[in-house]
Amino acid sequence: MRNSALIESVTDTKVSGANLHAVDGEASKAAITIVDRASEANAQSDLPTKQKGKRSNKKMIIGVAASILLLAGSIGGAASLNYMSTHEGTDDAYVDGNITQISSRVNGNVSKVLVDDNQYVKAGQVLVSLDPRDYDVKVEQAKAALEKAQRQAQADTADVVVSNTTAGAQSDTAASDISRANATIAAAKSMVTNAQAALGMEKAKLASMQVQENEFKLDMDRYANLSAQGAVSKQQYDQARTQYEVQAAQVAAENQAIQQATANVGKTSADLQQAFSDLSKTKATIKNAQAAQQTTNVKSYLSDVSKATVDQAKADLQNALLQRSYCDIVAPVSGRVGKKSVHSGEQIQLGQGLFTIIPDDTWLTANFKETQIGNMRPGQKVEISVDAFPGTKFIGRIDSLAPASGAKFALLPADNATGNFTKVVQRVPVKIVFDQNSVANLKQLITPGLSAEVTVDLAKS
């Protein structure tokens, strides 16, 4: 009865599939324990029992032990098969991470090195200081050039304003002068017309008066003959002679008037010519005003050039200040300093490598066989063992699978289309990230390059 109870207790034992060797070991231990207990129970049985009964009990114990071992082996095999079907592992894994190369962005002499090998630094922390005096001089030169350009731009702008005002005034004056000249020409033309009309009237009047003068002269001559003959009185003759003399005086006066009208026509004609001359001069003034406006436009363009020069000077100043800021070499990321190769007093060149910074953010690159990745998906749980920390288990998860096998990323990828073909199982890099809680105490000690072993639980994500 005791043996049967032991067998039932072993049959009901739960075997975990987490580890194959652990399952087999526990099953073997359980079998050995049962055999020992059965032997002990047999030893404590009644001694007077017959020898044949002893042999029978011993055979039964051996049979029970064999059955238990067979059962344990079956349980272990089933657990091993279940474990192998839900887990994939590899020892071709290593810790990976970014390596940030720190170099100088300017030439200069090192005045201070503020970090040492393996020191932890934070992003923005000053690592190396260069002698800034050469760059301070360039900054001052850029400031002086900017001030000069600004003053020149101000002068050019003021010159444009003055020139524009002057050109506008000249244009307005010329326009006014043209209006006046046109009015003067119109008035002069009118005066010439009036003078010519007056001259014509005076000439017509003179002709009429000369006709009367001739008539009076004929009358006077007739009365003179008649008076000599005694046909008329002397008084009548005197009246006829007086009328002639008066008319002759009027004709002489009209001749004077005609001369005056002719002179007036000449004067108004001269005034008209002067008006035309003034108009020509005014048109020349317009051209001068237009030329002044063109000059203003040119000065406006020069002012724009001056403003562009100011912008260029500002950019040069910003560049000088930027170059000056590069004298303080700062950490772009947080991490630990490695491979330091810079010392105080050293002359460094643009782009020269000074040291590297290894950030805290690390991950694992595990190279699984192509036959292992069929059921792998991002998010699946991973058990990690890092060789540097034996006995310590870390937890992680799959982040992503590489888009191609490692052979395709090689410098000289294999070309299977040429020569004899031998099938080789390819490896596919899988990126695994640590669970931060599991590496909290050792985060800064898990550095790129460390070897590791990983086991992926395909059933968990």
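Residues numbered from 1 in each chain as written. Predicted model: local features only at pLDDT ≥ 70, side-chain atom pairs only at ≥ 80, totals over all residues. Heavy atoms only, no water.

**Observations concerning the overall build of the protein chain**
Which entries qualify depends on this criterion: For the purposes of this entry, the term helix denotes a DSSP run of H or I that reaches at least four residues, the term strand denotes a run of E that reaches at least two, and both are numbered from the N terminus. Throughout this description, buried means an accessible area under 20% of the type-specific maximum (1.4 Å probe, protein chains only), exposed means over 50%, and partly exposed covers the range between. In this description, contact between two residues means that some pair of their heavy atoms is separated by no more than 4.5 Å. In these tables, accessible area is a Shrake-Rupley quantity obtained with a 1.4 Å probe, and a residue counts as shielded only by the protein chains included in the view.
Scanning the protein chain from terminus to terminus reveals 5 helices and 14 strands. Per-residue burial over the protein chain gives 28% buried out of 461 residues. A separation of at least 24 residues holds for 81% of the contacts in the protein chain among residues at least 6 apart in sequence. Element-wise, carbon and sulfur atoms account for 53% of the exposed surface of the protein chain, whose accessible area totals about 28700 Å².

**Thoughts on the layout of surface pockets**
So the rule is basically this: Points on a 1 Å grid, built from protein atoms alone, make a cavity when a 1.4 Å probe fits but cannot get out and make a pocket when they are open with protein on both sides within 12 Å along at least 5 of 7 lines; residues with an atom within 4 Å of a point are the lining residues. Grid points are joined across faces, edges and corners, and a volume is the space filled by probe spheres set on the points. Polarity classes work like this: nonpolar for Ala, Val, Leu, Ile, Met, Phe, Trp, Tyr, Cys and Pro, charged for Asp, Glu, Lys and Arg, and polar for all others, with Gly in that last group.
Considering only enclosed or pocket space, the second largest pocket measures out at about 230 Å³ in volume. Around the second largest pocket sit Glu370, Ser405, Ala407, Lys408, Ala414, Asn416, Phe421, Thr422, Lys423, Val424 and Gln426, which together line it. For the lining of the second largest pocket, a count of residues per class yields 4 nonpolar, 4 polar and 3 charged.

**Considerations on the nonpolar core**
Nonpolar side chains in soluble globular proteins tend to be buried together. We apply this condition: Throughout, nonpolar core names a set of buried Ala, Val, Leu, Ile, Met, Phe, Trp, Tyr and Cys residues whose side chains join them through atoms within 4.5 Å.
With 23 residues, the main nonpolar core has Phe368, Met376, Ile384, Phe394, Ile432 and Val454 as its most contacted residues. Contributions of two or more residues to this core are made by β1 (87–97), β10 (362–369), β11 (381–386), β12 (393–401), β13 (427–434) and β14 (451–457). The leading source of residues in this core is β13, at 4 residues. Counting 19 residues, the second largest nonpolar core, distinct from the first, contains Val110, Leu130, Ile329 and Phe355.

**Quick word on unusual backbone geometry**
Positive phi outside glycine occurs at Asn118, with the angle close to 65°. Among the structural elements, Asn118 can be located in the loop between β3 (108–113) and β4 (120–121). A relative accessible area of 56% means that Asn118 is categorised as exposed. Despite not being glycine, Lys339 shows a phi value in the positive range, around 55°. Taking the relative accessible area as the measure of exposure, Lys339 reaches 73% and is therefore exposed.

**Comments concerning the pattern of salt bridges**
Here is the rule we go by: Whenever a carboxyl oxygen of Asp or Glu lies within 4 Å of a side-chain nitrogen of Lys or Arg, that contact is scored as a salt bridge.
Here the structure, examined in full by the defined rule, presents 10 salt bridges. Residue Asp131 is joined to Arg133 by a salt bridge in which the shortest nitrogen-to-oxygen separation is 2.7 Å. Overall, the relative accessible area of 23% leaves Asp131 in the partly exposed class. A relative accessible area of 59% places Arg133 in the exposed class. The network of salt bridges with shared partners includes Lys234, Asp238 and Arg241.

**Observations regarding the side chain of His87**
So the rule is basically this: Definition of a polar contact: a pair of N or O atoms within 3.5 Å, with one able to donate and the other able to accept a hydrogen when the atoms are protein atoms, and with sequence-neighbouring residues admitted only if both atoms are side-chain atoms.
Note that His87 resides in strand β1. Among the polar contacts made by the side chain of His87, one reaches the side chain of Thr86 at a distance of 2.9 Å. Discounting chain neighbours no more than four positions away, the residues touching His87 are Thr455, Val456, Asp457 and Leu458.

**Concerning the sheet that holds β10**
As a reminder, the rule being used: Pairing between two strands is assigned when DSSP locates at least 2 bridges connecting them. What counts as an axis is a line fitted to C-alpha atoms, over the stretch in contact for a helix, and the angles between N-to-C directions run from 0 to 180 degrees.
What the 6 strands build is a closed barrel, ordered β1-β10-β13-β12-β11-β14; its pairing is antiparallel. Across this sheet, the average inter-strand angle for adjacent strands is 40°, counted without regard to direction.

**Concerning the packing of aromatic side chains**
Formally: Two rings belonging to Phe, Tyr or Trp (six-membered ring only in the last case) form a pair when the distance between their centres is within 6.5 Å. Interplanar angles under 30 degrees mark stacking, angles over 60 mark edge-to-face geometry, and anything in between is tilted. For a ring to carry a charge above it, either NZ of a lysine or CZ of an arginine must fall within 6 Å of the ring centroid while also lying within 35 degrees of the normal to the ring plane.
Within the structure shown, the criterion is met by 2 aromatic pairs. Each ring, one from Phe389 and one from Phe394, has its centre 6.2 Å from the other, and the planes form 80°; the classification is edge-to-face. Judged by relative accessible area, which is 15%, Phe389 ranks as buried. Judged by relative accessible area, Phe394 falls into the buried class, the value being 0%. When the centroid spacing of 6.2 Å and the interplanar angle of 85° are considered together, the rings of Phe394 and Phe434 count as edge-to-face. Pair noted here: Phe394 is in strand β12 and Phe434 is in strand β13, with a separation of 40 residues, a long-range link. Note on accessibility: Phe394 and Phe434 belong to one class, buried. The cationic tip of Lys431 hangs over the ring face of Trp363; the distance from NZ or CZ to the ring centre is 4.6 Å.

**Observations concerning the sheet that holds strand β2 (residues 100–103)**
Spatially, the 4 strands line up as an open sheet ordered β2-β9-β7-β4, and their pairing is antiparallel. In this open sheet, the two strands that pair with only one neighbour each are β2 and β4.

**Notes on the pairing of strand β9 (residues 353–359)**
The buried fraction of β9 is high, at 5 of 7 residues. For β2 and β9, the ladder comprises 4 bridges, and the chain directions are antiparallel. From the neighbouring strand, Ser103 faces β9, where its bridge partner is Gly353. One ladder, built from 4 bridges, connects strand β7 (residues 335–338) with β9; its direction is antiparallel. Opposite Gly335, over in β9, you have Pro359 as the bridge partner.

**Re the environment of Val139**
Note on placement: Val139 falls in helix α4 (residues 133–229). What makes Val139 buried here is its relative accessible area of 6%. Along the backbone, Val139 and Asn319 are 180 residues apart, and their C-alpha atoms lie at a distance of 8.7 Å. Apart from the residues lying within four places of it in its own chain, the contact partners of Val139 are Leu317, Ala320, Leu321 and Arg324.

**Remarks on empty space enclosed by the protein**
Applying the stated criterion across every chain, the model contains 1 cavity of 30 Å³ or more. Taken as a whole, the largest cavity encloses approximately 50 Å³ of empty space. Taken together, Arg336, Ile358, Pro359, Asp360, Thr362, Lys443, Gln444, Ile446, Thr447 and Pro448 form the lining of the largest cavity. For the lining of the largest cavity, the per-class residue count stands at 4 nonpolar, 3 polar and 3 charged.

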